[in-house]
Amino acid sequence: MMRKTLATFVFSTVALSGIGLGATVALADPRPLLQEGKQTLHQRVLTTPGCELTQTAGSSGELQPAFTRFYVYERSDVDGREWLKVGPDSYGDTSGWLPADCSVAWKMQLTLAFTNPANRQRLLFFRERNDLQDILDEYEPSSQVVPLHAALDRDEEVSAVLAREPEYFVDLQEQFYLLPILEGEEVFTEAGFRARLLNVASVSKAGELDPAGVETDPEGGTQASQLREFNAGVVFVIDSTISMGPYIERTREAVSKILDRIEAENLDQQVKFGLVSFRDSVEMVPELEYVSRMYANPMEVQGREDLMARMDKLHEATVSTPGFEEDAYAGVMQAIDEVDWSQYGARYIVLITDASAIEGDHERSSTGLSADQVRLEAANPGVAIYTLHLKTASGERFNDHARAAAQYANLSTYAGTNTSLYYPVEAGDVEAFGAKVDALAEAITSQVRAAYLGDGAIGSALNAQQSDPDETDPDQQRLLEDASLIGHAMQLAYLGQQTGSVAPPVFEAWISDRDLVQQNRPSTDVRVLLTKSQLSDLSDVVTQILDAANQGLISPTDMFDRLRSVAAAMGTDPNQLQQNETTQLAELGLMGEYLEDLPYQSEVLNLDEATWKSWDGLSQERFIRNLSIKLRHYQRYNEDVDRWVSLAEGSDPRDDVYPVPLEMMP
């Protein structure tokens, strides 16, 4: 079985040979050396090209794959050259010796993944920092960037550019790649945006590159032939509470109409539909029958008649729910978790509801998740969530529209393009709703048909069918344009998977974490790689903070008093625990050292006692709610066995890591 490699980013300045000395330990100590100034973080290194692992310091040995992760157990000087005794994990198993000057110190386990290039230009790897800086110093950077891409498209050599991001999306979960950052700095561009200049080192598996930096795939075939197998899975997630009858019926009608067209064009194997319904707590109202239910899994549906028979079983509830909001996240999560999305190139959930969603901290929530967490879960398999929000008179009467709009605009932001797929239906108009469902189903089917027929201009078949924009409803036109963009992104992801698209094999270059022209669009995404013990520790500490915060709701002074007691029990230096209202949570010694140097602003770590006491009850409850939802997500990470990654062959499973999105850190 091929072992996955990983894209890793170190937000600290290091030199290839400048690895600082850490604490000295006896040879009998089975633990790796500590990083300088740390009490729990061990020294780690990544190998560079040509690095050999030997049995004794000073000898020759076996060549190692570039950027293999090792822990450092001992340092020794042999004839003026420093050598490192290393092992694959932190549990005492050593592998041999490496020359220090062929390794890179890896202080923080971070991953930086490419975002989907569908909504931006492909990222460029520059030889020199100044070439990249000159572009960001331009008010109109396109004057420099467009000619560079044009030259690369013509297969011309561009002296300033080492490589270019692959045309197709490289999925971090399918094809991991290593990109350690040797230097990083934050700058303001001339256009007024904040960006990071990153000096990265990149090595992928050996392969021939074209001048654009894309690895060739002689067996992969053309884009048109690859896309003939492109298919789509569409799962409708429908609110079936007492007010939804007309919309359920109109959705059935839309699916029936699109099935007619699919059958006429022999695309019935290319587009599959499913159906999930959701309601509310059956503990409070047993007559609701279920919280969420899978009526039709697209993997199990046997043709048109089977699908329509399953859809006919769905009817609106006969009793009212406990409140106006419903458990929409339960329905979406069932669709995410129970459908095998890997079987489809295009992956869509269409959420239809007239009410806001029950938040994760509410007693009626069955998932314990919020929009942020459900959106992240959908991003794992690459699912786009469209939300059709029916803004009915009942929702207006309960002042629910604004709350629902904020939730679903967040939930429906597709990570691949940073596009929000939230579409309100004013006054809950059934006719307007039906037009949107028809348009969306037709757009998805048209994309699959265009791919199947070898249409190279992705989305052109769809666009050709549209009437004059001046005669089209603007909201519906936006839906069609968004659908075309999302379809393009999903085809890039599909082609990347089919062709085995990998990161460019270059070594040491400069990149920007923002698109060089549309600088509001990120080109990279940061993940924190936590080991099982770190994730467990994080869960335990967050639980302690939550317990203390809930006590603090009763008496504001109780929160930090309780946390000081916990910190003292953990052995924190008493000098850190003085009664000082300016003391931040980070200074109590509760949180692990792996959080200290992360490049983000933490609401939790920066919270001090004076700030907590100054908050009103709603602000304190918001803090508790956000932290509670993150804690529940840590529990999902721990149970998600498929996405724990080994960073070194033969390493102890306890050193496997999980790529936690930076925004999910406390």
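These figures come from a predicted structure and were not determined experimentally.

### Looking at the overall build of the protein chain
Within the protein chain one finds 16 helices and 23 strands. Put simply, the protein chain has 666 residues, and 55% of those count as buried.

### Brief notes about the environment of Val-161
For Val-161, the location among the structural elements is in strand S10 (residues 161-164). In the structure, Val-161 is positioned 35 residues away from Phe-126 in sequence and 4.5 Å away in space, judged by C-alpha atoms.

### Focus on unusual backbone geometry
For Glu-289, which is not glycine, the phi torsion reads 80 degrees and is therefore positive. Positioned with a positive phi, Ala-427 is a non-glycine residue whose angle comes to about 60 degrees. If you trace the backbone, Ala-427 turns up in the loop between strand S20 (422-426) and helix H10 (430-452).

### A few points about the confidence of the model for the protein chain
Per-residue confidence for the protein chain gives a mean pLDDT of 79; residues scoring 70 or more make up 79%. In the predicted structure, residues 204-221 sits below a pLDDT of 50 and forms 32 contacts with residues beyond four places in sequence or in another chain. Here residues 456-467 is modelled with pLDDT under 50, and outside its nearest four sequence neighbours on either side it reaches 22 contacts, counting other chains as well.

### A look at the sheet that holds strand S7 (residues 103-105)
Taking strand neighbours across the sheet as the criterion, the five strands line up as S6-S5-S4-S1-S7 in an open arrangement whose pairing is antiparallel. The open sheet terminates on both sides in strands that have one partner only, identified here as strand S6 (96-99) and S7. Strand after strand, the sheet turns through a mean of 50 degrees between neighbouring axes, direction not considered. The pairing of strand S5 (residues 81-87) with S6 spans four bridges and is antiparallel. What sits directly across from Val-86, in S6, is Gly-96.

### Overview of the packing of helix H4 (residues 245-264) against helix H5 (residues 303-312)
Between H4 and H5, the shortest axis-to-axis distance is 11 Å and the interhelical angle comes to 180 degrees. As judged from the angle between their axes, H4 and H5 are roughly antiparallel. Facing H4, whose interface residues are Thr-251, Arg-252, Val-255, Ser-256, Leu-259, Asp-260 and Glu-263, H5 presents Arg-304, Leu-307, Met-308, Met-311 and Asp-312. In terms of residue class, the contact of H4 with H5 is made up of five nonpolar, two polar and five charged.

### A short note on the side chain of Arg-122
By secondary structure assignment, the location of Arg-122 is in the loop between strand S8 (110-114) and strand S9 (124-126). In terms of polar contacts, Arg-122 uses its side chain to reach the backbone carbonyl oxygen of Glu-165, at 2.8 Å.

Rules behind the numbers
- Throughout, residues of each chain are indexed from 1 in the direction in which the sequence is written.
- Local features in a predicted model are, by the rule used here, given only for residues with pLDDT of at least 70; side-chain atom pairs are given and counted only at 80 or more, and totals for whole chains, interfaces and linings are based on all residues.
- Only hydrogens and water are set aside when side-chain values are computed; all heavy atoms of the structure are taken into account.
- In DSSP terms, a helix is any run of H or I states spanning at least four residues, a strand is any run of E spanning at least two, and both are numbered starting from the N terminus.
- The buried label applies to any residue whose accessible area, calculated with a 1.4 Å probe on protein chains only, is under 20% of its type's maximum; exposed applies above 50%, and partly exposed to all values in between.
- Confidence scores labelled pLDDT are given residue by residue by the predictor and lie between 0 and 100.
- Note on definitions: a residue-residue contact is assigned when non-hydrogen atoms from the two residues lie within 4.5 Å.
- Strand pairing requires that DSSP identify at least two bridges connecting the strands.
- Between the N-to-C directions of two axes lies an angle of 0 to 180 degrees, each axis being a line fitted to C-alpha atoms and, for a helix, fitted only over the stretch in contact.
- If an angle is under 35 degrees, it is roughly parallel; if it is over 145, roughly antiparallel; if it lies from 65 to 115, roughly perpendicular; otherwise it is oblique.
- Polar here means any residue other than Ala, Val, Leu, Ile, Met, Phe, Trp, Tyr, Cys and Pro, which are nonpolar, and Asp, Glu, Lys and Arg, which are charged; Gly is therefore polar.
- Polar contacts, as counted here, are pairs of nitrogen or oxygen atoms within 3.5 Å of one another; within protein the pair requires one atom able to donate a hydrogen and one able to accept it, and residues that are adjacent in sequence qualify only if both atoms are side-chain atoms.

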